[in-house]
Amino acid sequence: MPLIYLFVILAAFILTGCAKTVPDESHTQEPEFNHTSRTIMDKTSNEVIPSKAAFIDPTQVDDVWQRIALQLSFAPSQHPSVQKRVQWYLQHPNYMDEISKRAGPFLHYIVSEVERRELPIELALMPLIESDFDTSAYSHKHASGLWQLTPLIAKHYGIKIGPWYDGRQDVIDATNAALDFLSYLHKRFDGNWYHAIAAYNTGEGRVARAIRNNLKQGKSSDFFSLKLPKQTRHYVPKLLAAATLLQQKKMKFPRIANKAVIDILLLENGVILNDLLTWQSLEKLNPGYTRFPALLDGPTHIVIEKKHTSQWHSYIAQQPNMPSNQWQQYTIQPGDSLSVIAQRHSLTVAQLTTFNQLKSTRIRAGKTLLLPLLADKKIDYSVKSGDSLWRIARTFNVTVSKLKQWNNLSKETLQIGKQLTVFLAPL
């Protein structure tokens, strides 16, 4: 037999032996994420499917949504719960308009953080599922912010929660804490992202019990087979459905420029803004500060629009005086110390020092201190028939967002007779 025919036969044999059976698309096993190449590995077939990101640099495209779409790594799911949610999105075509508007200032940062940690890009979509990208969102379980962190989880990951600042609503602090928590859950559930994401929603104990129960009964432990609360059973499918819409371009996601629009600047000391009109955007970008314009007891950073960065540096360099007409004043008495005054008004020495821009803790009788307590009037308002948050907010010249924040409200429906706390700003 001629030598060339031997090569042809041998090549055909090798190709036949290497061929793989096409996996059944109906399986529900979760994908295993490959951190290095952003590929997915199907656990049923062990087939590695390369991401489109291998051909296009996601950082170079024009749209952040496209940047996400290029890096999606979870296998598309045909599970009915996922497809049902896909249809819901398609029946609400304007839904993504509001989402993109809210996500605009922050999505680039969140995507960059997910990439930096080499986590699945799908995690950048979780604020869409958690809060509709609403920084002021509250839940009935007292979860708050874009990532809907509970007080327990937030404090465990070092987030401050106090009368002046709630870090769950700070996008920088909350994103770091949420990604830390998700990374822990991924490890806790042996690299299964669906289990980790479900545990983020309902708690790791509940997911672990559901897995154990299924294994004891000889059942599959994949996410779709677990007996979980209704909300959690829909939670992962919502995320997969949003990813499907992006991946398959089934729905328009209004463009968000693929570039940083915010700067995260060092904030060594607290600041009281004396020019609200100029810095109106700060309240939107730094929603963790609950008593704006007082930027007190927060993190060591502040979020600024890039176009205002140099202006902010100039503002801080001049350290404008506190607007005294907005704050309560205290005349120092003989024998007073900062610690005594602070304790008397449920404050800290650090707050008094920062607020009064003191270079030392020495004070003199007869001098006046400003207290970081607004010279406003706190009232308890009883909800009446026909009231709405919008109507109450307009009556007292405050925002609905602040009403929800002050009263830990997760929704806008009110109960007649419920007492609401309202702070009336000084005129």
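Rules of the game
Residues numbered from 1 in each chain as written. Predicted model: local features only at pLDDT ≥ 70, side-chain atom pairs only at ≥ 80, totals over all residues. Heavy atoms only, no water. Salt bridge = Lys/Arg side-chain N within 4 Å of Asp/Glu carboxyl O. Helix = DSSP H or I, 4+ residues; strand = E, 2+ residues; numbered from the N terminus. Phe/Tyr/Trp six-rings, centres within 6.5 Å; stacked < 30°, edge-to-face > 60°. Buried < 20%, exposed > 50% of the residue type's maximum accessible area, 1.4 Å probe, protein only. Lys NZ or Arg CZ within 6 Å of the ring centre and 35° of its normal. Contact = heavy atoms within 4.5 Å. Expected span 1.5 Å × (residues − 1). Axes fitted to C-alpha atoms, helices over the stretch in contact; angles between N-to-C directions. Parallel < 35°, antiparallel > 145°, perpendicular 65-115°, else oblique. Left-handed = near helix turned anticlockwise from the far one by under 90°. Nonpolar A, V, L, I, M, F, W, Y, C, P; charged D, E, K, R; others polar.

S.K.: Requested: an account of the pattern of salt bridges, with residues and values cited.
M.R.: The final tally for this structure, using the stated rule, is nine salt bridges. A salt bridge links Arg116 to Glu113, with the nearest nitrogen and oxygen atoms 2.8 Å apart. Of this pair, Arg116 and Glu113 both sit in helix 5 (residues 107-116), separated by three residues, roughly a single helical turn.

S.K.: Now, about the packing of aromatic side chains: what can you tell me, with residues and values included?
M.R.: Applying the stated criterion across every chain, the model contains 13 aromatic pairs. Arranged with centres 5.2 Å apart and planes meeting at 55°, the rings of Tyr165 and Tyr289 form a pair that is tilted. Placement of the pair is Tyr165 in the loop between helix 7 (151-156) and helix 8 (171-188) and Tyr289 in the loop between helix 12 (280-285) and strand 6 (294-295), with a sequence separation of 124 residues. Using a relative accessible area of 1% as the deciding quantity, one classes Tyr165 as buried. Each ring, one from Phe181 and one from Tyr200, has its centre 5.5 Å from the other, and the planes form 40°; the classification is tilted. Of the two residues, Phe181 is situated in helix 8 and Tyr200 in helix 9 (residues 193-202); the sequence distance between them amounts to 19 residues. Accessibility expressed as a relative area gives 9% for Tyr200, which makes it buried. Members of the aromatic cluster, connected to one another through ring pairs, are Tyr157, Phe181, Tyr184 and Tyr200. The ring of Trp88 is capped by Arg85, whose NZ or CZ atom sits 4.1 Å from the centre of that ring.

S.K.: Quick one: what's the story with the environment of Ala143, residue by residue and with numbers?
M.R.: Mapped onto the secondary structure, Ala143 falls in the loop between helix 6 (126-131) and helix 7. Along the chain, Ala143 and Asn408 lie 265 residues apart, while their C-alpha atoms are 9.4 Å from each other. Non-local contacts of Ala143, meaning those with residues more than four positions away in its chain, are made with Ala137, Tyr138, Gln148, Leu149, Thr150 and Arg168.

S.K.: Any details on helix 11 (residues 230-247)? Residues and values, ideally.
M.R.: Spacing of three or four residues puts side chains on the same side of an α-helix, whose turn is 3.6 residues. Over its 18 residues, helix 11 runs 26 Å from end to end, which matches the ideal 26 Å to within 8%, given 1.5 Å per residue. Close packing links the buried residues of helix 11 with helix 2 (64-69), helix 3 (80-91), helix 6 and helix 9. Following helix 11 by one or two positions, Lys249 adopts a phi angle in the positive range, close to 50°.

S.K.: Just give me the short version of the packing of helix 9 against helix 11, but keep the residues and values in it.
M.R.: Between helix 9 and helix 11, whose axes approach to 9 Å, the crossing angle comes to 125°. Compared by their axis directions, helix 9 and helix 11 come out oblique. The interaxial crossing formed by helix 9 with helix 11 has right-handed handedness. In contact with Tyr194, Ile197, Ala198, Tyr200, Asn201 and Thr202 of helix 9, helix 11 contributes Gln231, Thr232, Tyr235, Val236, Leu239 and Leu240. In terms of residue class, the contact of helix 9 with helix 11 is built from eight nonpolar, four polar and no charged.

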